[in-house]
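Residues per chain are reported as follows:
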Amino acid sequence: MNFKKLLTTKKFIFADGAQGTELRKLIKEPVESPHLLNFSNPEIVKQVARSYAEAGSDFVCANTFSINKFNVINVDEEIKQALKICKEALKETNALIALDVSTLGKLLEPAGDLTFEDAYEAYKEIVTAGEKYGADLIIIETMTDLYETKAALLAAKENTILPVICSLTFEKNGRTFTGTPVSCMAATLEGLGADILGINCSLGPAELKPLVQELLNCTNLPVMVKPNAGLPNPETGEFFLSAEEFAAVMAEFAQNGVKILGGCCGTTPEFINKLRTSVGGDACICFANTGVPCDTTDRAIKNTGDHAGSPLRTVICGYSTAVEITRPRIIGERINPTGKKLMKQALLDNNIGYILKMAAEQVNAGAHILDINVGAAGIDEVAMLPKIVKAVQGITGIPLQLDSANPKALEAALRVVNGKPIVNSVNAEDESLDTILPLVKKYGAAVVGLTLDKSGIPDKAEERLALAQKILNRALKFGIKKEDVFIDCLTLTVGANQDSAMQTLKAVALVKEKLRLKTVLGVSNISFGLPERGIINRNFLIMALQSGLDLPIMNPSERDMIDAVRAFNVLSGIDKNAAMYISAANTVGDALRGVPRDTVPVGSTDISGDHTGSPLQYAILNGLKSEAVQITAKLLEEFSPLEIINTLLIPALDKTGEEFEKGKLFLPQLILSAETAEACFSLVKKNFKSGEKPFSDNKIILATVKGDIHDIGKNIVRTLLESYGYHVIDLGRDVPPEVIFEEIKRQGVKLAGLSALMTPTLLAMEETVKLLKSETGCKVMVGGAVLTEDYARKIGADFYGKDAKSAVDIAGKVFGESKNAL
């Protein structure tokens, strides 16, 4: 039986449980990575796989979790061996084989140096080998980065015919390590063609309850859940939940609509056996009189958006922000060279800093979505559009609108956008529909349809409605959901045709009434050629909102325009208790970095008093590296390097850390801000006079302990410490205690940071701490996913670092309570 048949014939499907912890338990000795056992001890690997099949798993993961080009020499041979072992283990069972795929262990751009394209190629190598050697399905699991998950999913869908499960791991704050919430995961991956969405690892089943329910509410795809057996005890490595306790909570998930159930870290074949008994493992699907499998009937109705007169649920997203279009949402229009000389010149000059400044200003002003248009004479749109998309999504996680009529440029941008974007646009001509709509479907985007064809823009609203109907019908034919089709009834300048404004407004109302679609308008086009354009724009916007406009394309930096939208939300009853209006009146800017409306003018060199909202802080908070360096250079003409460091750079980094801790910015933005500050530090240091040596004695050693090959967290800590000006000596991963000890003695280091991700390597951490504390005067801070503050204290560490920001605070304590230089 193949996996898709399994989905339609079984009420519940049972996955396997933990593999790594089971393998380590059986071999009773440290192993750098479980995939090494495929050659060194294949019988143990076979034993674990068979035990899960015998416990009732419908599919078992091959031991391929950590196989990728960065960990092994020959991916093809490694996967061939792993699948051979799994086939032998399962040959007398009915269990299917899943190719287990996970993170490559490197941060993708802009937070890291791995490009999206290189990640795609790495995953392509894995999935093609998996299909060649007999995998029945692909499970992309324990992913923390939505962008990396997209690369893996695209590689699987474009190069194999295997069904694909995509499963992310979430922290207690409801987001992944890189800041993605469940809503963004669901909108993006369902659109890209995942067959099943899931949540695994990180937390126990009880802690996952709200996240699982949110996922069930966000998708109509089958859902998989594979929690840990609670949380591990760092001292023993044992997990807290029993098999019976685990199964009891998992049975609740099954009742709520979860289709695939299994376990992750700490779970065993016993857990799967108990789970199967608790849920009712032999239940099959019946169709009753509905024609729909009985276990999915309720969920098949839920969120389809078009039953019993319910409104369509329309969601677009970036990597960290999902925007549901239940009220007017503002599309920022300023990244567009049409009629904007400075923007066009920036594109021609490859001045990314200027473009990022425009992006940051719009988000801070209140834009919910950013339109990106790079079409102008002399610009290679196919190369430039994806380049700008990558840059902009590096500083903000809100959704993007890709604005181009060039199919090649659109596809290049659609491949690398991190989230579910809007494509702007398609028109009612057959050539446009048949060229653009397949791209929209493949990449899971929403699309704007323009009510024009070869005859131009119809004069009458009814004719525009007919073109909108044609666009909708063709989109549905290509498999695009109705809720992902938006209609632009087109705004013409009222100065040339005064009747056109009312026809546009009438068309908007007809599209809302007859087709029940979301509507888009470029608002400022209405006033072209007229004096005092703002007056016309603002009043047309209000009239359009009353007619049913959902997505005004406008300049959010124009205060009167954005305030008109906010007032409309209050007066129409959308903004309950005027909560959003009152919040916006107090401050505008929380959408990106919490920058107040009235900041110090860009270019100001006033560094006295309160520096909240200073130009340099604004640039650092928003990751505007080139602008921050320019401001720093200007400041150096008037102030000493130490004044700049102590009154501006370090307070800006502190503010960045505060925003990160509050959940107002996320890991990619934190790293970009840190790198921006580091660039400023580099410039400032060049201007120190002889004898001035900021931070020269403040050396810190970082290392991932012996037996642990995970170093993403350590690398993030390094970046943030370096941005504060500390001299970081990174010894890498899998570092023996004696190597760390010798380097501390040789360099006279006062602070060492040790990292461990895996429970089995905690013994190596304890050994390293004991050596350093007994033989050196060096202070030791420890951190990692499996550590707790109590365990850090138990093994004798001086400090426990719960995250990268806390490492900076610890360094501040070690080198003096003040973070000031010198």
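Computed from a predicted model, the values in this text were never measured in an experiment. (Residues numbered from 1 in each chain as written. Predicted model: local features only at pLDDT ≥ 70, side-chain atom pairs only at ≥ 80, totals over all residues. Heavy atoms only, no water.)

(A) Here's a closer look at the sheet that holds strand 5 (residues 164-168). Ordered by their spatial adjacency, eight strands build an open sheet running 1-8-7-6-5-4-3-2, and the pairing between neighbours is parallel. In the strand order of this sheet, the two ends are held by strand 1 (13-14) and strand 2 (59-61), each with one partner. Here strand 7 (residues 223-226) runs beside strand 8 (residues 260-261); their pairing, made up of two bridges, is parallel. Considered in strand 8, the bridge of Met-224 is made with Ile-260. (Pairing = 2+ DSSP bridges. Helix = DSSP H or I, 4+ residues; strand = E, 2+ residues; numbered from the N terminus.)

(B) Representation of the side chain of Ser-723 within the structure. With respect to the element layout, Ser-723 can be found in helix 27 (residues 712-723). The buried category is assigned to Ser-723, whose relative accessible area is 0%. When sequence neighbours within four positions are dropped, the list of residues in contact with Ser-723 reads Leu-653, Ala-674, Ala-677, Glu-678 and Phe-681. (Buried < 20%, exposed > 50% of the residue type's maximum accessible area, 1.4 Å probe, protein only. Contact = heavy atoms within 4.5 Å.)

(C) Quick peek at helix 20 (residues 533-547). The end-to-end C-alpha separation of helix 20 is 21 Å, in line with the 21 Å expected for 15 residues at 1.5 Å each. Those residues of helix 20 that fall on the buried side of the exposure criterion are Asn-537, Phe-540, Leu-541, Ala-544, Leu-545 and Ser-547. Looking straight down helix 20, one finds that the buried residues subtend no more than 150° of arc, so they occupy a single side. Where helix 20 is buried, its residues meet helix 19 (500-515), strand 17 (518-522), strand 18 (551-554) and helix 21 (559-571). Where helix 20 ends, the next residue or the one after it, Gly-548, has phi of about 115°, a positive value. (Expected span 1.5 Å × (residues − 1). Arc of directions from axis to C-beta.)

(D) Fine view of the pattern of salt bridges. Per the counting criterion, the structure on display carries 39 salt bridges. For Lys-390, the salt bridge identified is with Glu-117, shortest N-O distance 2.9 Å. With Lys-390 in helix 15 (residues 381-393) and Glu-117 in helix 6 (residues 116-132), this residue pair connects regions lying 273 residues apart in the sequence. The shortest N-O distance in the salt bridge between Lys-506 and Glu-462 comes to 2.8 Å. With Lys-506 in helix 19 and Glu-462 in helix 18 (residues 461-477), this pair connects stretches of sequence that are 44 residues apart. Take Glu-462: its relative accessible area is 41%, and that puts it in the partly exposed class. Within this structure, Glu-158, Glu-411, Arg-415 and Lys-442 form a network of salt bridges that share partners. (Salt bridge = Lys/Arg side-chain N within 4 Å of Asp/Glu carboxyl O.)

(E) Looking closely at the side chain of Lys-226. Relative to the helices and strands, Lys-226 resides in strand 7. Ignoring sequence-local partners within four residues, the contact set of Lys-226 consists of Ala-15, Asp-16, Cys-61, Ile-139, Glu-141, Ile-199, Asn-200, Cys-201, Gly-262, Gly-263 and Cys-264.

(F) Spatial organisation of the packing of aromatic side chains. Under the defined criterion, the tally for this structure stands at four aromatic pairs. The interplanar angle of 85° and the centroid separation of 5.9 Å between the aromatic rings of Phe-3 and Phe-59 together place this pair among those described as edge-to-face. On the criterion of sequence distance, the pair formed by Phe-3 in helix 1 (residues 3-9) and Phe-59 in strand 2 is long-range, its members being 56 residues apart. The buried category is assigned to Phe-59, whose relative accessible area is 0%. Its guanidinium or amino end placed over the ring of Tyr-120, Arg-415 lies 5.0 Å from that ring's centre, counting from NZ or CZ. (Phe/Tyr/Trp six-rings, centres within 6.5 Å; stacked < 30°, edge-to-face > 60°. Lys NZ or Arg CZ within 6 Å of the ring centre and 35° of its normal.)

By themselves, these observations are geometric and do not establish any function.
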